[in-house]
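Residue strings, one per chain:
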Amino acid sequence: GSIGRRCGSRSCRRASAAFSGSASRPPAWSRLLLQVPRRRFGLLIALAGLAILATLSSLFYGRMPFVGDCAMQLAHARIYLQGRMNAIPPPMELRMFFRSVYLLCMDGVWRSQYFPGHLWSLAVADFFRAAWLTNPLYGAGALWMLYSAARSLYGEKTGRLAALLLLVSPFFLI
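This is a predicted model, so every value here is computed, not measured. All chains use their own residue numbering, which begins from 1 and follows the written sequence. Per-residue local features of the predicted model are confined to residues with pLDDT of at least 70, and side-chain atom pairs are confined, for both listing and counting, to 80 or more; whole-chain, interface and lining totals are unaffected and use all residues. The side-chain values count all of the structure's non-hydrogen atoms but skip hydrogen atoms and water molecules.

## Describing the overall build of the protein
Inference 1: Helix and strand definitions follow DSSP, with helices as H or I runs of at least four residues and strands as E runs of at least two, each counted in order from the N terminus. Each helix and strand in the protein was counted, giving nine helices and two strands.
Inference 2: Mapped from its N terminus to its C terminus, the protein presents α and β elements in the order α-α-α-α-α-β-β-α-α-α-α.
Inference 3: By residue count, 29% of the 174 residues in the protein fall in the buried class.
Inference 4: For the protein, the proportion of contacts with a sequence separation of at least 24, taken over those separated by at least 6, is 58%. Three labels apply to residues, based on accessible area from a 1.4 Å probe with only protein chains included: buried if under 20% of the type maximum, exposed if over 50%, partly exposed otherwise in between. Throughout, a residue-residue contact means that at least one pair of heavy atoms, one from each residue, lies within 4.5 Å.

This is the structure:
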C-alpha cells in the first residue's frame, strides 16, 4: 500500500501489510479452517449447529418451549393435528385465564396469528414427538444458508467466518 512507501519504519510496514491483506502468514486457526473442503464445511457447520442447538434445547429447556409465542405456536400446531384450523374458546367466565397477546378470538373461535407453514412443520414434528427439534433444524438451515450466501457474495473466508460467528452468537443459541 501507499502507507508503507511513505513510512519507512517497521511498524508502518506491518500496519500497511495488515490493511492491504498481504500479511505474511494467517493464524493457525484460519489455516485449519480453510483446509476443510467447501462442500464438507457447509455440512459440518449445519451439523454442528444442529447438535449444539438440540443439546441446549434438551438440557436447558427440557425439550419444551420457553417463550410464550413458542408455546402458543405448539398449541396451534396441536389444533392442526386434530384436523381443525381453529379451536372453540372456553366459556366466557374462564377466558380471563386464557388471555394472551398471541391468541386471537374472532367470530367465536380461537385463531392463530402465526404463519401456517411453520405451524404445519411443528404439527408434523409433533406427530413424531419431535416438535422440540424444529427450531434446531431451522437453525442448522440458517447456518448453511448464511454460509452459502456469504461465500457466494464475499468469498470463502467471509462465508466461513460469518457462519462461525453466527454459531457462537448468544442470540442465535437462545
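## Points about the packing of aromatic side chains
Inference 1: When two rings of Phe, Tyr or Trp (its six-membered ring) have centres within 6.5 Å they constitute a pair, described as stacked for plane angles under 30 degrees, edge-to-face for angles over 60, and tilted for the intermediate range. The full count for this structure, using the stated rule, is three aromatic pairs.
Inference 2: An angle of 85° between the planes, with centres 5.2 Å apart, marks the rings of F127 and F128 as edge-to-face. Neither F127 nor F128 differs from the other in exposure class; each is exposed.
Inference 3: Only Lys NZ and Arg CZ are tested; either one counts as a charge over a ring when it is within 6 Å of the ring centre and within 35 degrees of the ring normal. Lying over the aromatic face of W132, R63 brings its terminal NZ or CZ to 4.0 Å of the ring centre.

## Remarks on the layout of surface pockets
If a probe the size of a water molecule is rolled over the atoms, the empty space left behind becomes visible.
Inference 1: Empty space within the largest pocket amounts to approximately 490 Å³.
Inference 2: Cavities and pockets were defined on a 1 Å grid built over protein atoms only: a cavity is a set of grid points that admits a 1.4 Å probe from which the probe cannot escape, a pocket is an open set flanked by protein on both sides within 12 Å along at least five of seven lines, and lining residues are those with an atom within 4 Å of any such point. Lining the largest pocket are 26 residues, with S57, F66, W132, N135 and P136 sitting closest to its centre.
Inference 3: Of all elements in the fold, only α4 (38–59), α5 (68–81), α6 (116–127), α7 (134–154) and α9 (170–173) reach the threshold of two or more residues within the lining of the largest pocket.
Inference 4: Per element, the largest residue contribution to the lining of the largest pocket is four residues, and it comes from α5. Grid points are joined across faces, edges and corners, and a volume is the space filled by probe spheres set on the points.

## Some thoughts on the pattern of salt bridges
Inference 1: When a carboxyl oxygen of Asp or Glu lies within 4 Å of a side-chain nitrogen of Lys or Arg, that pair is called a salt bridge. What the rule picks out here adds up to three salt bridges.
Inference 2: The closest approach of N and O atoms between D107 and R111, which form a salt bridge, is 3.7 Å.
Inference 3: Residue classification places R111 among the partly exposed residues on the basis of a relative accessible area of 28%.
Inference 4: For E156, the salt bridge is made with R160, and the minimal N-O distance between the two is 2.5 Å. Taken as a pair, E156 and R160 lie in helix α8 (residues 156–168) at a separation of four residues, close to a single helical turn.

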